[in-house]
Amino acid sequence: MEAITMNRTTTMTGARAVVEALLAEGVDLAFGYPGGAIMPIYDALYDVEDKLQHVLTRHEQGATHAAQGYARATGKVGVCLATSGPGATNLITGIADAQIDSTPMVCITGQVPSHLLGTDAFQETDVIGISMPVTKWNFQVTKASEIPGAIAKAFYIARSGRPGPVLIDITKDAQIEQFDFAYKPCKNLRSYVPKPALDMEKVKEAAALINSAKKPFVLFGQGVILAEAESEFKAFIEKAGIPAAWTIMGLSALDTDHRLNVGMLGMHGNYGPNKLTNECDVLIAVGMRFDDRVTGRLDQYATQAKVIHVEIDPAEIDKNVKTTVAVLADAKEALSALVDEVKWNTHDEWVQKFRACDKEEERKVISEELYPSRDVLSMGEVIRRINERTKGEAIIVTDVGQHQMVACRYAKFTQTKSSITSGGLGTMGFCLPAAIGAKMGAPEREVVAVIGDGGFQMTIQELGTILQTGAAVKILILNNEFLGMVRQWQELFFDKRYASTELINPDFQLIAQGYGIASSKVSKRLELDDAIKTMLKHEGSYLLEVMVGKENNVFPMVPSGCSVSEIRLE
């Protein structure tokens with residue numbers, strides 16, 4: 001297929017138009033699974049294999065998570081394709097995950113011919129209705145002539161402002177129909193304002209509060225990464241001398257060892273950031289949405305503080321926490337302006353309060369987690385060994401559960417876009433396909449997938465995608481033979497009634513062997529370092545299973561329904 005020059009009119013099918021539109025948007029990698037209603041598009045993809053690589057995942061959910069991993073590692077829009085009916089509905093979990101975690105993604109689904117819509121035809125579902133609550137925008141194409149405009153709009157909406165997933169559903173007759181194609185990228189839409197204009201008066205109000213604060217505290221989320229505002233954020237906190245803590249989605253926006261980085265917020269976050277939230281006098285939130293896992297009880301959250309919220313999405317302002325000053329703007333623009341307005345300052349005594357909390361947490365939690373005295377291996381010491389080998393330069397992708405909290409707490413990062421996890425939706429099964437997408441988006445970087453034995457089995461079939469693509473993902477299974485996080489809650493709050501949480505697992509090494517993936521298994525501390533070294537040095541993909549304590553718990557912990565001040569160290 002000869003490439004089409006942008007804006008030149010050429011007669012072609014709707015299916016070929018889809019492919020040309022993707023190429024015009026700079027797409028060179030897509031994930032998906034074919035089927036009857038999307039076959040014409042796959043037939044058109046066959047002609048551009050040298051320009052647009054399609055990765056055949058083993059499940060449509062895997063395609064969405066792979067597209068998410070690709071987007072999070074690269075900052076580009078992830079693309080996935082699926083057929084109608086069950087193919088389309090299998091995308092929904094990944095779409096919902098992308099929506100709540102602000103991940104730019106364009107999903108293209110095939111649909112039954114337009115004359116059969118609404119007749120309960122074979123493999124027909126109302127994917128537009130189903131996906132509407134979990135997409136930033138969706139649209140059904142019934143005519144080939146609608147395809148260029150729909151796809152241009154999809155990419156513009158997905159990547160602009162607060163990013164998110166978009167779904168385009170294309171009937172089979174629209175894919176086959178011929179029309180005169182021309183492509184024009186979308187640059188604006190009437191009534192859609194993705195990036196609010198920066199109000200300098202609000203910036204000055206915020207700066208005045210910051211300059212007069214005795215105990216200012218910054219919370220930063222993924223908005224810093226999405227706005228590519230890492231350097232501006234660093235300059236801001238260094239000039240104002242403010243301690244900063246991160247949400248799990250904001251992890252890696254600031255070096256984990258930066259002198260003003262005081263750790264992780266939330267239910268299993270660090271002691272100081274949670275405890276001292278209710279002591280600060282000015283709370284500055286940048287690119288985060290005050291999720292309930294961060295705030296705990298809202299009626300007891302930072303009630304003493306004046307709150308500044310830097311946020312691009314107006315829907316997030318005052319949604320959970322009442323603000324004193326709202327700076328509605330792109331984080332990069334807002335932080336650039338704030339740097340000029342804030343005064344040089346140090347808050348050494350205030351920062352030292354966080355460090356004092358660190359010492360208490362070190363004594364009661366961290367020391368035993370990273371350097372356990374017991375014979376049984378801990379998740380924390382495994383992550384510590386990974387840190388020692390990767391020196392904070394790897395992309396670490398995590399699934400959901402205890403291992404996720406441990407990895408987020410203890411992993412070290414020296415560059416942005418290095419921590420990829422399912423935050424808002426908490427999707428088990430996210431990690432393996434997301435790691436594949438991340439590795440294919442950033443092949444020059446080491447990608448380590450940290451997975452629990454439960455979540456691994458939810459998308460274990462994506463080992464087939466590794467077999468077919470050769471993606472050199474390093475898979476680290478932290479196996480405690482339990483659904484660990486649920487078991488922890490059952491221990492603490494349900495009298496150790498372990499209902500349906502203990503796992504009888506298969507032989508993961510045999511499964512890896514079946515997919516042509518090298519593997520090993522360790523259960524002893526003396527074996528651990530050499531096993532990690534072997535995994536990371538191996539040229540291709542590798543699976544390392546580490547047997548860890550069956551009933552180890554993750555602390556600190558803010559119990560559900562409690563204030564962040566009630567954080568427990570044991």
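Residues numbered from 1 in each chain as written. Predicted model: local features only at pLDDT ≥ 70, side-chain atom pairs only at ≥ 80, totals over all residues. Heavy atoms only, no water.

Quick look at the overall build of the chain now. For the chain, the helix and strand inventory stands at 23 helices and 20 strands. In summary, the chain has a C-alpha radius of gyration of 24 Å against a globular reference of 25 Å for 570 residues, a match within 12%. Its C-alpha atoms put the chain at 70 × 60 × 40 Å along the principal axes. Of the side chains in the chain, 58 bear a positive and 71 a negative charge, and the two mean positions are spaced by 5 Å. (Helix = DSSP H or I, 4+ residues; strand = E, 2+ residues; numbered from the N terminus. Rg over C-alpha atoms; globule rule 2.2 N^0.38 Å. Lys, Arg positive; Asp, Glu negative; His and termini not counted. Charge placed at Lys NZ, Arg CZ, Asp CG, Glu CD.)

Read from one edge of the open sheet, six strands run β16-β15-β17-β18-β20-β19, paired in parallel fashion. Looking at strand neighbours, the two that pair on one side only are β16 (419-420) and β19 (518-522), the edges of this open sheet. In terms of strand pairing, β19 meets strand β20 (residues 542-547) through five bridges, oriented parallel. In the strand pairing of β20, V522 is matched with V546. (Pairing = 2+ DSSP bridges.)

Judged by how many residues are buried, strand β2 (residues 29-33) sits mostly within the fold: four of five residues are covered. Pairing of β2 with strand β3 (residues 53-56), which is carried by four bridges, proceeds in the parallel orientation. Bridged to L29 within β3 is Q53. Once the chain exits β2 it traverses helix α2 (residues 39-45) before rejoining the sheet at β3, and the crossover so formed is right-handed. Where β2 and strand β4 (residues 78-82) come together, three bridges link them in parallel fashion. By the bridge assignment, Y33 is partnered in β4 with A82. (Buried < 20%, exposed > 50% of the residue type's maximum accessible area, 1.4 Å probe, protein only. Right-handed = clockwise from strand over helix to strand, strands pointing away.)

Attention now goes to the packing of aromatic side chains. As enumerated under the stated definition, the model contains twelve aromatic pairs in all. Ring centres of F179 and F181 lie 6.2 Å apart, and the angle between their planes is 85 degrees; on these two criteria the pair is classed as edge-to-face. Exposure class is identical for F179 and F181. Each is buried. Seen in terms of ring centroids, W489 and F493 are 5.5 Å apart; in terms of plane orientation they differ by 70 degrees. Their pairing is edge-to-face. On the criterion of helical spacing, the pair formed by W489 and F493 is a turn pair, its members being four residues apart in helix α21 (residues 484-493). Given the relative accessible area of 22%, W489 is considered partly exposed. Residue F493 is classed as partly exposed on the basis of its relative accessible area, which comes to 34%. (Phe/Tyr/Trp six-rings, centres within 6.5 Å; stacked < 30°, edge-to-face > 60°.)

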